[in-house]
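# Breakdown of the fold
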Amino acid sequence: MDQETLLRNAMRQHGDAVYRLALCRLQNPADAEDVYQDVFLRLLREPEQEWEPEHLKAWLLRTALHRCADVGRLRLRRTVVSLETVAEVAQPDQEEASELWDAVARLPEKLRTAVHLYFGEGYRTEEIAFILSVPAATVRTRLRRAKMKLKDLLGGIQDEEQLSEDDGGYPYPGRAQ
């Protein structure tokens, strides 16, 4: 397959994932578009080779993460667009999902990235660990911390409030603690 065909196929199949990751990481549509463009330009400059589909997607996302880090360093010298602008661009279909992803947008960058790759892109923790170049245990820790922060942000049930069979809220009758 020639480079032009590879590029077209990669943009069609994985372009949305690259853009969503960049938008999640940078929270700025203009910067996300720049990262998107840079990632695919880098793919075009790669030596011709046969790419396995999952290897290509992982390479694209890892390249996007590296480019996001570069943009983040440059961001120190300029102003950042507010989260409201991002919310207008990336509005989920359902109102509940919108509230959840708004809360995810308020998480620290490392937690937000892990949540996006796990829940948004469907990667397993081992795959995320490879993409982020961290141990899988670190990814699991980030996901656990993100869940705890989201629980606080969204007003979730406190751990000391145990559901019982009597209140009708316990999902497994006969197995109450």
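Quick look at the structure, then. (Residues numbered from 1 in each chain as written. Predicted model: local features only at pLDDT ≥ 70, side-chain atom pairs only at ≥ 80, totals over all residues. Heavy atoms only, no water.)

This paragraph deals with the pattern of salt bridges. One pass over the structure, following the stated rule, counts nine salt bridges. Here Arg-140 ties to Glu-126 by a salt bridge, and the two come within 4.0 Å at their closest N and O atoms. Taken together, the residues span a long stretch of sequence, with Arg-140 in helix 8 (residues 136–154) and Glu-126 in helix 7 (residues 125–132) at a distance of 14 residues. Connected through shared salt-bridge partners, Arg-124, Glu-126, Glu-127 and Arg-140 make up one network. (Salt bridge = Lys/Arg side-chain N within 4 Å of Asp/Glu carboxyl O. Helix = DSSP H or I, 4+ residues; strand = E, 2+ residues; numbered from the N terminus.)

Here the focus is the nonpolar core. In this structure, Val-35, Leu-43, Leu-60, Leu-61 and Leu-117 are the most contacted members of the largest nonpolar core, which totals 41 residues. Discounting residues that sit within four places of it in the chain, Leu-61 has contacts with Ala-17, Val-18, Leu-21, Leu-117, Tyr-123 and Ile-131. (Core = buried A, V, L, I, M, F, W, Y, C linked by side-chain atoms within 4.5 Å. Buried < 20%, exposed > 50% of the residue type's maximum accessible area, 1.4 Å probe, protein only. Contact = heavy atoms within 4.5 Å.)

Another point: helix 7. Because each turn of an α-helix spans 3.6 residues, side chains separated by three or four positions end up pointing in the same direction. Where helix 7 is concerned, the buried positions are Thr-125, Ile-128, Ala-129, Ile-131 and Leu-132. Within helix 7, the buried residues cover an arc of 165° as seen down the axis, which keeps them to one side. Residue Ser-133 follows helix 7 closely and has a positive phi angle near 60°. (Arc of directions from axis to C-beta.)

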